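The lines below spell out each chain.
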Amino acid sequence: MRKLLFLLAAILLMAACETKHERAQREIAERKAALKHKQDSALQAAQQELAWVDSALQQANQTYDQLNADLQSGKWKAVGSKQMEEKMTAARLHRDSLQVRFDVLCSKIKYIHRRQKE
């Protein structure tokens, strides 16, 4: 009788361990799927934002280049130098901030691609 109870307890214990293992494997698979979904959505959002920032950066570069060309051509002589400096500084700040944002988004996209390969 004791042997039978011991055998029954061992069988139940083994069944419980298998159930825990299966549950753990299922949770791992669910986490991997959730991670893939999160990476894909973050990548898509970053790519969309990068497209917007790229077009804004191109426009900011054109604006800054135009202001600089006007400065070199002497068009600004009629306007006070303080106003010229303020416009050039504002254009340069806007361009530089967009450039930093562009660089950060490119790095983020590269990082997501690298993590997806792992």
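The shown structure was predicted, so the numbers you read here are calculated from the model rather than taken from an experiment.

One finds Leu43, Ala46, Leu50, Val53, Ala56, Leu57, Ala60, Leu98, Leu105, Ile109 and Ile112 forming the largest nonpolar core, which totals eleven residues. Broken down by secondary-structure element, the contributors of at least two residues to this core are α1 (2–73) and α2 (81–117). Looking at this core element by element, the count peaks at seven residues for α1. In contact with Ala60, other than residues within four places in its own chain, are His94, Arg95 and Leu98. If you look at the next biggest cluster of nonpolar residues, it comprises five residues, including Tyr64, Leu67, Met88 and Ala91.

Note that Cys106 resides in helix α2. The spatial distance from the C-alpha of Cys106 to the C-alpha of Gln47 is 8.6 Å, given a sequence separation of 59 residues.

A complete count under the given rule lists three salt bridges for this structure. The salt bridge involving Lys36 is made with Asp40; its shortest N-O contact spans 3.2 Å. Separated by four residues within a single helix, Lys36 and Asp40 lie in helix α1, roughly one turn from each other. The partner of Glu49 in a salt bridge is Arg101, and the shortest N-O contact between them spans 2.9 Å. Taken together, the positions of Glu49 in helix α1 and Arg101 in helix α2 put the pair 52 residues apart, joining distant regions of the chain. Assessed through its relative accessible area of 31%, Glu49 is described here as partly exposed. On the basis of relative accessible area, Arg101 is assigned to the partly exposed category, the value being 36%.

What counts, and where the lines are drawn
Residues numbered from 1 in each chain as written. Predicted model: local features only at pLDDT ≥ 70, side-chain atom pairs only at ≥ 80, totals over all residues. Heavy atoms only, no water. Core = buried A, V, L, I, M, F, W, Y, C linked by side-chain atoms within 4.5 Å. Buried < 20%, exposed > 50% of the residue type's maximum accessible area, 1.4 Å probe, protein only. Helix = DSSP H or I, 4+ residues; strand = E, 2+ residues; numbered from the N terminus. Contact = heavy atoms within 4.5 Å. Salt bridge = Lys/Arg side-chain N within 4 Å of Asp/Glu carboxyl O.

Take it as geometry only, folks, not as evidence of what the structure does.
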